[in-house]
Amino acid sequence: MKRLSIAFILLAQVASFGKAATPSIIPLPQQMQVRPGVFTLCPTQPAAAVPGHPLVKIYADAASQGDADFLAQQLFKSTGQQFAIAPANGAGPVREGILLTTANANTNLNNEGYELTVAPDSVVIRGTTSAGVFYGAQTLLQLLPPQVLSSQPAGAAGWTAPCVYIFDQPQYHWRGAMLDVARHFITKQQVKQVLDAMALH
């Protein structure tokens, strides 16, 4: 009986290898379609002390410039790669590029909603406002390996994201978390970490 149980477990694991796993996004997006392929952000960094310059660039319109700066800084901390930021010349996908834009946004999106399309050769994050683009960038970070949140280069990570289409926006008008500093003292740095975790989720 024990051998039979082990055999079933092994068969289930073998069967799961052929299926594309559904990415774990928090909170669960309203719509998510998993598509074949992966987007490669950058090669593995060979030497942490020497910043790399990946082929992938970040393109942003005027409204999304701050979001592009945020994304480039986070990616630099974890990948050791310096992502160039360039102005967006259009609203469509750019080969070997991550486009952050408010142009041609879906009219069904609210102020903090976004559309995220990850294809094998491009990423497009589109929102009606900069806030929507920011939350789309946070979802892109969740699609990448968890080392992307590291504060120092994690060169061994495979910097790829699964190809998906995501449409999402907040279900409620308010969101928050409570910090009870009366019971346990929290430093300024710890408060910042909590705020970063709130923004990510």
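Definitions and cut-offs
- Residues numbered from 1 in each chain as written.
- Predicted model: local features only at pLDDT ≥ 70, side-chain atom pairs only at ≥ 80, totals over all residues.
- Heavy atoms only, no water.
- pLDDT = per-residue confidence, 0-100.
- Contact = heavy atoms within 4.5 Å.
- Phe/Tyr/Trp six-rings, centres within 6.5 Å; stacked < 30°, edge-to-face > 60°.
- Helix = DSSP H or I, 4+ residues; strand = E, 2+ residues; numbered from the N terminus.
- Buried < 20%, exposed > 50% of the residue type's maximum accessible area, 1.4 Å probe, protein only.
- Salt bridge = Lys/Arg side-chain N within 4 Å of Asp/Glu carboxyl O.
- Axes fitted to C-alpha atoms, helices over the stretch in contact; angles between N-to-C directions.
- Parallel < 35°, antiparallel > 145°, perpendicular 65-115°, else oblique.
- Left-handed = near helix turned anticlockwise from the far one by under 90°.
- Nonpolar A, V, L, I, M, F, W, Y, C, P; charged D, E, K, R; others polar.

Chemist: Could you give an account of the confidence of the model for the protein, with specific residues and numbers?
Modeler: Residues with a pLDDT of 70 or more make up 85% of the protein, whose mean pLDDT is 85. Contacts of residues 1–19 to residues separated by more than four positions or lying in other chains number zero contacts, the stretch itself having pLDDT below 50.

Chemist: An account of the packing of aromatic side chains is requested, with residue identities and associated values reported.
Modeler: Scanning the entire structure with this criterion turns up three aromatic pairs. Plain terms: the ring middles of F70 and F134 are 5.2 Å apart, the flat faces sit at 55 degrees to each other, and that makes the pair tilted. Taken together, the residues F70 in helix α2 (residues 65–79) and F134 in helix α3 (residues 130–143) connect sequence positions 64 residues apart. Classification of F70 by relative accessible area gives partly exposed; the value is 25%. In textbook terms, an aromatic cluster arises when at least three aromatic residues are bridged by ring pairs, as seen for F70, F134 and Y135.

Chemist: Explain the pattern of salt bridges residue by residue, including any values.
Modeler: Evaluation of the coordinates by the stated rule reveals two salt bridges. One salt bridge connects R95 with D121, and the closest N-O pair in it is separated by 3.2 Å. With R95 in the loop between β3 (85–87) and β4 (97–101) and D121 in the loop between β5 (114–119) and β6 (122–127), this pair connects stretches of sequence that are 26 residues apart. Judged by relative accessible area, D121 falls into the partly exposed class, the value being 31%. Here R183 and D180 are joined by a salt bridge, their closest N and O atoms 2.6 Å apart.

Chemist: Can you explain the packing of α2 against α3? Please cite residues and give values.
Modeler: Running from amino to carboxyl end, α2 crosses α3 at an angle of 20 degrees, the nearest separation of the two axes being 9 Å. In terms of axis orientation, α2 runs roughly parallel to α3. Note on packing geometry: the crossing formed by α2 with α3 is right-handed. Where α2 approaches α3, its residues D67, F70, L71, Q74 and L75 are matched on the opposing element by S130, V133, F134, Q138, L140 and L141. By residue class, the composition of the contact of α2 with α3 is seven nonpolar, three polar and one charged.

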